[in-house]
Amino acid sequence: MILSARLRSSGRFVKFATLVFLLVNFWFPLKSVYAQPSVVQGVQGVINSVRPRGLIPRNDNATSPPPLFGEVRGANTNSLTKGNFFDPYALYPVDVKNVSWVSYEGMEVSALLYVPATPPVRDGSFSAVVFSHGLGSSAEDFSYLAYTWASRGVVTLCLRHPDSDETVWRGKIRPMNELKTAYQRCWSARDRAKAIRSGIDFLYWSSDADVPWGRYLDLSKIGVSGNDLGALGALLTAGQLPPDNGPSLNDPRVASILALSPPVFCEKEHGPYVYGAIRVPTMVVTGTNDNGVVGATKAPQRRIPYDSIQKVDKYLVVLLDGDHRVYAGRKVGAKQVTDRAYQETIARQSADFWTAYLSNDGTVLEQMRSYGKTGPLSNVHIERQLGDRGGDLDSSF
């Protein structure tokens, strides 16, 4: 009788433990993921057939498209984003919007759009940046960048990539295996580059649409940026040779690039051939411990794009002791504090870069080309080499 009671009690415990395991590892993560409007709910008034200007002829007989934007959320109360940094050079409050559209290639694209909430105070226009997140992260992870840039007058479109975002590993029994599988599927970043180009199409369409901020867009001032595979996608749109030897993805509308921890598939001696077609100002950010988590790129290789791009202003920001996880930030653990410190430096350095090369702020441009700003961290190394406009100056500080 005692043995039977113990067995029954043990059986109930096993069932209870199994239920807890399933809830923690599957139901709660799945519930939080599917609560995201990007996954299930969509956006109110999703555009099913955006016709980017200059790429697909408009149908004059078609009815007007449905409303472009979903719910507008204030910068200080948006539950989708992390807290942003204090930026002493901020000019605007920021609004955040969910947007989605269908590209001219038939690809469904969704994004978070960060826009200045008031009209421009400098030269009557806003510049813009299209950002692509890395493998296993999300658009929301990079809100610290988007808020900072938008507060400087840079409309920022943070793309979502549901085939390679955090949903591929979160709540899975073998998350690293899931990441490796996703990497094998999208290692070339060809789809990332296509999504970035579609994001530029979206900005062109918005400049023609009846939206408050669209009329202020200066389409000659569009930058592209990304982390990890997103950084590779950004470089591809600027002229890097595709690693899969496929057709070029170069987009002449790109005016400057910011690449955070780009994957590299060539040796240094081949860099000028792979990156030689890039002819726009470039900033590359990496860390001394920036080894790939899934990909094979080692930390010293991350600087090859910077070393190989010629005849334009270029900057290399090296986070001493920074690893591959600092850009999106860890969700738990003691390194969260360190990650946030690195992120603040990245946000300010990159915002200065956009302000100088997209917003054409002569004062900031002169500061960057002469001495630069290292932000709150002392363990940041910055190199620069100026192109044809500034002579051959190679220095570090």
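Everything discussed here concerns the structure shown above.
Presented here is a report on the structure given in the accompanying data block. (Residues numbered from 1 in each chain as written. Predicted model: local features only at pLDDT ≥ 70, side-chain atom pairs only at ≥ 80, totals over all residues. Heavy atoms only, no water.)

1. Observations regarding helix α4 (residues 175-186)
Phase 1 of the analysis: Here α4 contains twelve residues, and its C-alpha end-to-end distance of 17 Å stays within 8% of the 16 Å for a straight helix at 1.5 Å per residue.
Phase 2 of the analysis: All of the buried residues in α4 are L179, A182, Y183 and C186. All buried residues of α4 project into a common sector of 105° when viewed along the axis, lining one side.
Phase 3 of the analysis: Along its buried surface, α4 packs onto α6 (229-238). (Helix = DSSP H or I, 4+ residues; strand = E, 2+ residues; numbered from the N terminus. Expected span 1.5 Å × (residues − 1). Buried < 20%, exposed > 50% of the residue type's maximum accessible area, 1.4 Å probe, protein only. Arc of directions from axis to C-beta. Contact = heavy atoms within 4.5 Å.)

2. Examining the layout of surface pockets
Phase 1 of the analysis: A volume near 600 Å³ is recorded for the second largest pocket.
Phase 2 of the analysis: Taken together, 27 residues form the lining of the second largest pocket, with L135, G136, L179, V293 and R325 sitting closest to its centre.
Phase 3 of the analysis: A class-by-class count of the residues in the lining of the second largest pocket yields twelve nonpolar, nine polar and six charged. (1 Å grid on protein atoms, 1.4 Å probe; cavity = no way out; pocket = protein on both sides within 12 Å on 5 of 7 lines; lining within 4 Å. Points joined across faces, edges and corners; volume = space filled by probe spheres on them. Nonpolar A, V, L, I, M, F, W, Y, C, P; charged D, E, K, R; others polar.)

3. A look at the pattern of salt bridges
Phase 1 of the analysis: Taken as a whole and assessed by the stated rule, the structure comprises eleven salt bridges.
Phase 2 of the analysis: R190 is the partner of D244 in a salt bridge, and the nearest nitrogen-oxygen pair spans 2.9 Å. Of the two residues, D244 sits in the loop between α6 and β7 (256-260) while R190 sits in helix α5 (residues 190-208), which places them 54 residues apart along the sequence.
Phase 3 of the analysis: Overall, the relative accessible area of 15% leaves R190 in the buried class.
Phase 4 of the analysis: In this structure, a network of salt bridges that share partners links the residues D201, D251 and R253. (Salt bridge = Lys/Arg side-chain N within 4 Å of Asp/Glu carboxyl O.)

4. Remarks on the packing of aromatic side chains
Phase 1 of the analysis: Applying the stated rule across the entire model yields 13 aromatic pairs.
Phase 2 of the analysis: Centroid distance W101 to F202: 4.5 Å. Interplanar angle 25°. Geometry classified as stacked. With W101 in strand β2 (residues 94-102) and F202 in helix α5, this pair connects stretches of sequence that are 101 residues apart. Each member of the pair, W101 as well as F202, is classed as buried.
Phase 3 of the analysis: A network of ring pairs unites the aromatic residues F131, F142, Y144, W149, Y315, F353, W354 and Y357 as a single cluster.
Phase 4 of the analysis: Here the basic side chain of R253 rests over the ring of Y204, its NZ or CZ set 5.1 Å away from the ring centre. (Phe/Tyr/Trp six-rings, centres within 6.5 Å; stacked < 30°, edge-to-face > 60°. Lys NZ or Arg CZ within 6 Å of the ring centre and 35° of its normal.)

5. Side note on the pairing of strand β3 (residues 108-116)
Phase 1 of the analysis: Of all nine residues in β3, eight are buried, a share of seventy percent or more.
Phase 2 of the analysis: Bridge count between β2 and β3: nine bridges; the pairing is antiparallel. Following the sheet pairing, V102 is matched in β3 by E108.
Phase 3 of the analysis: Hairpin connection of β2 to β3: five residues between the antiparallel strands, including G106 at a positive phi of 85°.
Phase 4 of the analysis: Judged from the four bridges that link them, β3 and strand β5 (residues 154-159) form a sheet pairing that is antiparallel. (Pairing = 2+ DSSP bridges.)

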